[in-house]
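One letter stands for each residue in the lines below.
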Amino acid sequence: MDIEELQTFVEVADAGGVSPAALRLGVSKSIVSRRLSRLEAELGVQLLARTTRGAALTEAGATFRDYAARVCAEIDVAKETILPAGDLRGRLRVAVPLSFGQTHFAPILAEMARRHPQLHIHTCYSDRFVDLITEGYDCAIRVGYLQDSNLIARRVGPIYGKFVASPDYIKAHGSPETPEELVAHEALMQGTEAWQLMDGDKIITVRPQGRFKADNGTALVAAAAAGLGIAYLPDCLTHEFIASGALVPVMTHYPPPPAGAYVIRPPGQHPARKIRVLTELLIEYCEPAPHFAGVGRKSANGATFAD
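Presented here is an overview of the structure given in this document.

Tracing the backbone through its elements, the reader meets Phe-105 in helix 5 (residues 98–115). Given a relative accessible area of 0%, Phe-105 falls into the buried group. For the pair Phe-105 and Cys-286, spaced 181 residues apart in sequence, the C-alpha separation works out to 9.2 Å.

Below you can see the structure in the form of structure tokens.
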């Protein structure tokens, strides 16, 4: 049984169709279809039911997909094991937050490409929540507080943020001093997220409301500087505005708890070595980096909005 046929079947099953799988594999749709036909002929069962919307797994296909994925993962591990030490090849698709990634993670990914000249790195910079499995990413770097999921996460560094507002907003509306006062203010958010605050060792969760929302941290900084409301933002996006006086910290007696930067990958027994290498490189850069340090030092930080 051809390993390419198995890999192609897993990609089609996860992507939900021949066209997106072909895009992820970098081959034509006709090649994908031929590989699937050969695999089904070898097994003597139909694995996929073609529909106008794509392809759906049959009962046999759903069962076989998990076994095929494990076989492909084991083959990848075996290939990596026999490669020369430190040598990485193939393709690494990684999703990175736009607000944070260009300044903090892009240089690290560039360094990884420099160290491993045979590795192809494809990066997507976006603040939207990327579905790793459906969209075919090997991993993602996410910043903030992790939601419960079946994905596997490894923390690579601490992230810090603040509640901020402009002097003009505070002059017009006052500065909130308690969580109860905070929820009465105009909030600048990505969506409908909750904000967390620390009262000593206790964590308080509030659900702010506001009329201005954006899926990008830079846009929220601009809105806060324009006096539209209070925002919870990463220090790396706000420290220059705070230094110039365009923004000031608020709710300093109830700071948000430290968040983190994480490498997230789909579930599997063995992470690919390229993901392990990326994780180790991020830890190497992020843990001791001054811009990932806490308040009082130049920091990078995390808010709940980043992917």
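Now, onward.
A few words now on the sheet that holds strand 12 (residues 230–234). If you trace the five strands from one edge of the open sheet to the other, you get 11-8-12-7-13, paired in mixed fashion. Where the open sheet ends on each side, the last strands, each with one partner, are strand 11 (209–213) and strand 13 (248–250). Each strand axis lies, on average, 45 degrees off the axis of its neighbour in the sheet, ignoring direction. Two elements, strand 7 (residues 161–165) and strand 13, share three bridges in a ladder whose sense is antiparallel. For Phe-163, the partnering residue across the bridge sits in strand 13 and is Val-250.

Let us look at unusual backbone geometry. At Met-251, a position not held by glycine, the phi torsion is positive, near 55 degrees. Tracing the chain through its elements places Met-251 in the loop between strand 13 and strand 14 (259–265).

What follows covers the packing of aromatic side chains. Here the structure, examined in full by the defined rule, presents three aromatic pairs. An angle of 40 degrees between the planes, with centres 5.7 Å apart, marks the rings of Phe-9 and Phe-64 as tilted. Separated by 55 residues along the polypeptide, Phe-9 in helix 1 (residues 3–15) and Phe-64 in helix 4 (residues 59–82) bring together distant segments of the chain. For Phe-9, a relative accessible area of 0% translates into the label buried. By relative accessible area, which is 18% here, Phe-64 ends up buried. Here the aromatic rings of Phe-163 and Tyr-232 are separated by 5.2 Å at their centres, their planes lie at 40 degrees, and the arrangement is tilted. Of this pair, Phe-163 sits in strand 7 while Tyr-232 sits in strand 12; the two residues are 69 residues apart in sequence, bridging distant segments of the chain. The buried category is assigned to Phe-163, whose relative accessible area is 1%. The lysine or arginine in question, Arg-70, covers the ring of Tyr-67, its NZ or CZ lying 4.8 Å from the ring centre.

In this section: helix 2 (residues 18–25). Turning to helix 2, its buried residues are Val-18, Ala-21, Ala-22 and Arg-24. What you see down the axis of helix 2 is that its buried residues fit within an arc of 165 degrees, all on one side. As for helix 2, its buried residues are in contact with helix 1, helix 3 (29–43), strand 3 (90–96) and helix 6 (132–135). Immediately beyond the C-terminal end of helix 2, within one or two residues, lies Gly-26, with a positive phi of roughly 75 degrees.

Taken together, five strands build an open sheet; the order of strands is 4-3-5-14-6 and the sheet is mixed. Every interior strand has two partners, whereas the edge strands, strand 4 (119–125) and strand 6 (152–159), have only one. For this sheet, the mean inter-axis angle between neighbouring strands, taken without regard to orientation, is 20 degrees. Here strand 5 (residues 139–144) pairs with strand 14 via five bridges, running antiparallel.

Right, let's talk about the packing of helix 5 against helix 11 (residues 273–286) for a bit. At a minimum axis separation of 10 Å, helix 5 and helix 11 run at an interaxial angle of 130 degrees. Between helix 5 and helix 11, the crossing angle belongs to the class labelled oblique. Considering only the axes of helix 5 and helix 11, their crossing is right-handed. Here helix 5 contributes Phe-105, Ile-108, Leu-109, Glu-111, Met-112 and Arg-115 to the contact with helix 11, which in turn contributes Lys-274, Val-277, Leu-278, Leu-281, Leu-282, Glu-284, Tyr-285 and Cys-286. Classifying every residue of the contact of helix 5 with helix 11 gives 10 nonpolar, no polar and four charged.

Attention shifts here to the packing of helix 1 against helix 2. With their axes 8 Å apart at the nearest point, helix 1 and helix 2 run at an angle of 125 degrees to one another. Between helix 1 and helix 2, the crossing angle belongs to the class labelled oblique. Remark: the crossing between helix 1 and helix 2 carries right-handed chirality. Packed against helix 1, whose contacting residues are Thr-8, Glu-11, Val-12, Asp-14 and Ala-15, the element helix 2 presents Val-18, Pro-20, Ala-21, Arg-24 and Leu-25 at the interface. Along the lines of polarity and charge, the residues of the contact of helix 1 with helix 2 split into six nonpolar, one polar and three charged.

Before going further, it helps to examine the pairing of strand 8 (residues 186–189). In this sheet, strand 11 lies alongside strand 8 in parallel orientation, the contact comprising three bridges. Bridged to Met-189 within strand 11 is Lys-213. Here strand 8 runs beside strand 12; their pairing, made up of two bridges, is parallel. If you follow Leu-188 over to strand 12, its bridge partner there is Ala-231.

About the criteria used
- Residues numbered from 1 in each chain as written.
- Predicted model: local features only at pLDDT ≥ 70, side-chain atom pairs only at ≥ 80, totals over all residues.
- Heavy atoms only, no water.
- Helix = DSSP H or I, 4+ residues; strand = E, 2+ residues; numbered from the N terminus.
- Buried < 20%, exposed > 50% of the residue type's maximum accessible area, 1.4 Å probe, protein only.
- Pairing = 2+ DSSP bridges.
- Axes fitted to C-alpha atoms, helices over the stretch in contact; angles between N-to-C directions.
- Phe/Tyr/Trp six-rings, centres within 6.5 Å; stacked < 30°, edge-to-face > 60°.
- Lys NZ or Arg CZ within 6 Å of the ring centre and 35° of its normal.
- Arc of directions from axis to C-beta.
- Contact = heavy atoms within 4.5 Å.
- Parallel < 35°, antiparallel > 145°, perpendicular 65-115°, else oblique.
- Left-handed = near helix turned anticlockwise from the far one by under 90°.
- Nonpolar A, V, L, I, M, F, W, Y, C, P; charged D, E, K, R; others polar.

So, to be careful, I would describe these as geometric facts and stop short of saying anything about function.
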